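# Overview (structure and organization)
Spelled out, the chains give:
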Amino acid sequence: MSVPKFWREIPHKYRLVGSRCRSCGAIYHPRRPICPRCGSRDMEDVKLSHRGRLLAFTVIRRAPSDMADLRPYVVGLIELEDGVKVLSQVVDCDPAELKPGLELEATLRRIRVHGPAGVIEYGYKFRPVIKWEAEAGEGQ
Amino acid sequence: MKPIAAILGVGCTKVGEHWERSLLDLAIEACEKALEDAGNPPVRALYVGNAASELMNEQGNISALLADALALDGVKAVEVRAGDASGSLAIHQACLDASFSRGQEGAILVCGVEKMTDVMAPEVARIQMLFEDSRSTFHSGVTIYGLCALLTSLYMSTYGVSYEDIVLLAVNDHKNAANNPYAQYPFPITVETVLSSPLVADPIRLFDTAGIGDGAAAIVLKGPEGARSSSDTPVAVLASEVATDKVNICEREDLLALRSLRLAAGKALGRAGVGLDRLSFIELHNTTSVIGILSLEALGLAEPGKGVDLLKEGAVAIGGRWPVNTMGGLKGRGHPWGATGVYQVVEAVWQLRGEAGKNQVDGAEIGLTSNMCGLGSISCVHVLARWEVMA
Ligand SMILES: [Zn+2]
């Protein structure tokens with residue numbers, strides 16, 4: 001991937017930046033210049049919630065050529081607290097423990113390595129929310 | 001019922017791993033067969049549907065290349081690209097050409113072709129992800145089968161349906177493919193075959209997915225005027241319609257509604273002046289079974305969540321109410337992306353001319369084909385009929 005493409009995609013990949021329609025309030029990710037709901041061009045950048053819940057997930061066992069070293073990996077359909085849905089890898093978990101409704105939070109991880117120069121692409125992935133208090137309670 | 005075009009001839013290669021043959025070899029075979037079938041009329045235009053020749057075969061600009069190879073000197077040539085909907089969209093463009101240039105001499109040749117085995121399977125998976133919004137697919141690493149898996153899970157949990165019932169469509173496809181000499185997988189399977197095959201993207205298993213194959217299919221068409229004098233057995237194109245949906249499934253209001261197909265089918269049936277009750281058979285796009293089932297629902301043949309009932313009741317079998325994928329569909333015949341939409345129309349023509357052999361649907365009069373890119377970012381529907389039906 002080229003360096004300009006890398007830079008261009010940083011807001012949506014690193015910081016979960018989407019677009020909010022100033023006219024009707026709808027939020028989109030990745031960003032959009034035109035609101036499909038009301039047709040407005042008056043869009044502003046908005047940082048999306050870093051927490052959400054799992055709606056559905058799959059384990060990718062046959063991966064694309066540039067992600068073969070990651071496999072098997074989990075991809076979830078996640079609904080963020082602000083109502084936006086995203087697709088993301090779900091990490092730091094055993095797929096057997098995943099179920100719809102599980103609370104997840106965003107974390108910055110390596111996505112893939114590009115070309116012979118080894119340029120590394122980073123971005124968000126999600127992981128189960130750690131509930132320290134619940135675990136401490138179980139230990140008593 | 002007024003036709004927009006007449007199909008005069010069809011032809012195709014067997015779908016398979018044609019290691020010894022190039023993209024061009026396959027396209028030439030299909031085109032020559034279709035032209036011969038049509039009685040070798042002069043050709044004035046060539047439309048080619050292909051998804052990824054640059055990425056898989058190191059070859060671009062293939063409409064001019066194919067026109068040159070077929071010695072169609074000086075002919076108009078157009079290439080159409082829309083992932084695995086490329087073939088049907090090439091036919092759509094040819095139909096527009098036919099109706100726009102009414103009265104012009106010469107026929108229009110349409111070829112859908114894909115040569116997939118020039119690259120390894122993981123590279124095929126990567127290229128297929130380019131047909132979705134790549135900002136989303138490459139960031140998450142979700143493959144097309146991964147997206148199908150998410151929809152399968154949602155379908156199962158929303159409607160309380162089992163995976164065993166969903167894959168009945170794959171079983172149906174293989175049963176029909178067994179009698180199709182051009183099919184990539186001409187053998188029957190059972191639900192158990194699917195369930196014991198390797199997982200691709202949970203819960204989807206290998207025998208629930210369309211394979212990787214090479215193939216080309218072609219048709220010859222012209223405007224409807226004088227079709228009867230050009231051919232003994234012309235097939236009428238009653239409608240050719242296209243519609244789109246949100247490319248990113250996350251943004252769809254209802255993830256289990258294939259809106260582009262619903263819109264395209266509604267327009268096509270309206271244009272054809274045909275109700276669902278008049279359809280003799282349906283060729284569906286089933287990258288995996290769930291997409292085929294959602295297609296049955298988008299077409300209006302079943303309520304949401306009830307598509308599997310049509311499978312369980314045998315309604316989609318040959319001899320049933322709405323035979324589906326009569327020559328094997330994407331699962332059994334094979335799914336060479338840019339060729340698939342043309343294969344569907346070739347097979348529909350066989351049915352309507354009474355040439356479908358053991359898989360002939362008795363009294364087939366009107367058929368519908370539905371081809372889409374990926375998970376329905378774009379859908380193209382054709383309604384075809386025996387010429388006599390309009391009399
Ligand atoms: Zn708006």
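Thresholds, definitions, all that
- Numbers given to residues run from 1 along each chain, matching the order in which its sequence is written.
- Each chain gets a letter, beginning with A, and each ligand a number, beginning with 1, in the order they are written.
- Given that this is a predicted model, residues contribute local features only at a pLDDT of at least 70 and side-chain atom pairs are listed and counted only at 80 or more, while totals for whole chains, interfaces and linings are drawn from all residues.
- Only hydrogens and water are set aside; all other atoms, that is, all heavy atoms of the structure, feed into the side-chain values.
- Each metal's donors comprise the N, O and S atoms found within 2.8 Å of it (within 3.2 Å for Na, K or Ca). Water is not part of the atom list, so some coordination spheres may appear incomplete.
- Geometry is assigned from the angles between donors: four donors with all angles from 85 to 135 degrees make a tetrahedral site, four or six donors whose opposite pairs exceed 155 degrees while the rest stay between 65 and 115 make square planar or octahedral sites respectively, and everything else is labelled irregular.
- We call two residues contacting when some pair of their heavy atoms lies within 4.5 Å.
- Computed with a 1.4 Å rolling probe, the buried area is the accessible surface lost when two parts are put together, summed over both parts.
- Salt bridge criterion: a side-chain nitrogen from Lys or Arg within 4 Å of a carboxyl oxygen from Asp or Glu.
- Centres within 6.5 Å make a pair out of two Phe, Tyr or Trp rings, where for Trp the six-membered ring is used; the pair is then stacked when the planes are under 30 degrees apart, edge-to-face when over 60, and tilted otherwise.
- Helix and strand labels come from DSSP, where a helix needs a run of H or I of at least four residues and a strand needs a run of E of at least two; each type is numbered from the N terminus.
- Only protein chains enter the accessibility calculation, which uses a 1.4 Å probe; a residue whose area is less than 20% of its type maximum is buried, one above 50% is exposed, and one in between is partly exposed.
- Strand pairing is assigned whenever DSSP identifies at least 2 bridges connecting the two strands.
- Values of pLDDT, the confidence the predictor places in each residue, fall between 0 and 100.
- For the purposes of these results, a polar contact is taken to be a pair of N or O atoms within 3.5 Å, where, inside protein, one atom must be able to donate a hydrogen and its partner to accept one; residues adjacent in sequence count only when each atom of the pair is a side-chain atom.
- Only the stretch in contact is used when fitting a helix axis, every axis being a line fitted to C-alpha atoms; angles between N-to-C directions are given from 0 to 180 degrees.
- Working rule for angles: under 35 degrees goes down as roughly parallel, over 145 as roughly antiparallel, 65 to 115 as roughly perpendicular, anything else as oblique.
- In the scheme used here, Gly and all other residues not listed as nonpolar or charged are polar, with Ala, Val, Leu, Ile, Met, Phe, Trp, Tyr, Cys and Pro taken as nonpolar and Asp, Glu, Lys and Arg as charged.

## Observations concerning the coordination of the zinc ion
- Coordination of the zinc ion by the protein is provided by C21(A) (SG), C24(A) (SG), C35(A) (SG) and C38(A) (SG), with metal-donor distances spanning 2.3 to 2.4 Å.
- In this structure, the zinc ion is surrounded by 4 donor atoms whose angles at the metal cover 100 to 115°, and the resulting shape is tetrahedral.

## A closer look at the interface of chain B and chain A
- Tallying the contact residues gives 30 residues for chain B and 34 residues for chain A.
- Together, the buried faces of chain B and chain A total about 2,700 Å²; carbon and sulfur atoms form 60% of this surface.
- Counting across the chain B and chain A interface gives 2 salt bridges.
- Its salt-bridge partner being D202(B), residue R61(A) comes within 2.6 Å of it at the nearest N-O pair.

## Quick notes on the packing of aromatic side chains
Residues and elements named next belong to chain B.
- Counted under the stated rule, the structure contains 5 aromatic pairs over all chains.
- Judged by centre distance (5.2 Å) and plane angle (85°), the rings of F131 and W337 are edge-to-face. Linking F131 in the loop between α5 (121-129) and α6 (134-140) with W337 in helix α16 (residues 337-353), this pair joins segments that are 206 residues apart in sequence. By the burial criterion, F131 is buried, and W337 matches it.
- Here the aromatic rings of Y185 and F187 are separated by 6.3 Å at their centres, their planes lie at 80°, and the arrangement is edge-to-face.
- For Y185, a relative accessible area of 22% corresponds to the partly exposed category.
- When its relative accessible area of 33% is taken as the criterion, F187 is described as partly exposed.

## Looking at the sheet that holds strand β3 (residues 43-47) of chain A
Residues and elements named next belong to chain A.
- Here we have 3 strands laid out as an open sheet, ordered β2-β1-β3, and antiparallel in their pairing. Lying at the two open borders of the sheet, with one neighbouring strand each, are β2 (27-28) and β3.
- With 2 bridges joining them, strand β1 (residues 17-21) and β2 adopt antiparallel strand pairing. Bridged to S19 within β2 is Y28.

## Focus on the environment of L87(A)
- The residue L87(A) is located in strand β6 (residues 85-90) in this model.
- Overall, the relative accessible area of 4% leaves L87(A) in the buried class.
- For L87(A) and G76(A), which are 11 residues apart along the polypeptide, the C-alpha to C-alpha distance reads 5.7 Å.
- In contact with L87(A), not counting residues within four places along its chain, are G76(A), L77(A), Y124(A), S136(B), S140(B), V142(B), L147(B), L150(B) and C250(B).

## Section: the confidence of the model for chain B
- Per-chain confidence: chain B averages 97 in pLDDT, with 100% of residues scoring 70 or above.
- Predicted complex metrics record ipTM = 0.94 and pTM = 0.96.

## Side note on the side chain of D133(B)
- In this fold, D133(B) is placed in the loop between α5 and α6.
- At a separation of 2.8 Å, a polar atom in the side chain of D133(B) contacts the side chain of R135(B).

## Notes on the packing of helix α7 (residues 144-159) of chain B against helix α13 (residues 289-298) of chain B
Residue and element names in this part refer to chain B.
- Running from amino to carboxyl end, α7 crosses α13 at an angle of 60°, the nearest separation of the two axes being 9 Å. When the axes of α7 and α13 are compared, the pair comes out oblique. Between α7 and α13, the residues in contact are C148, L151, T152 and Y155 and V290, I291, I293, L294 and E297, respectively.
- In the contact of α7 with α13, the residues fall into 7 nonpolar, 1 polar and 1 charged.

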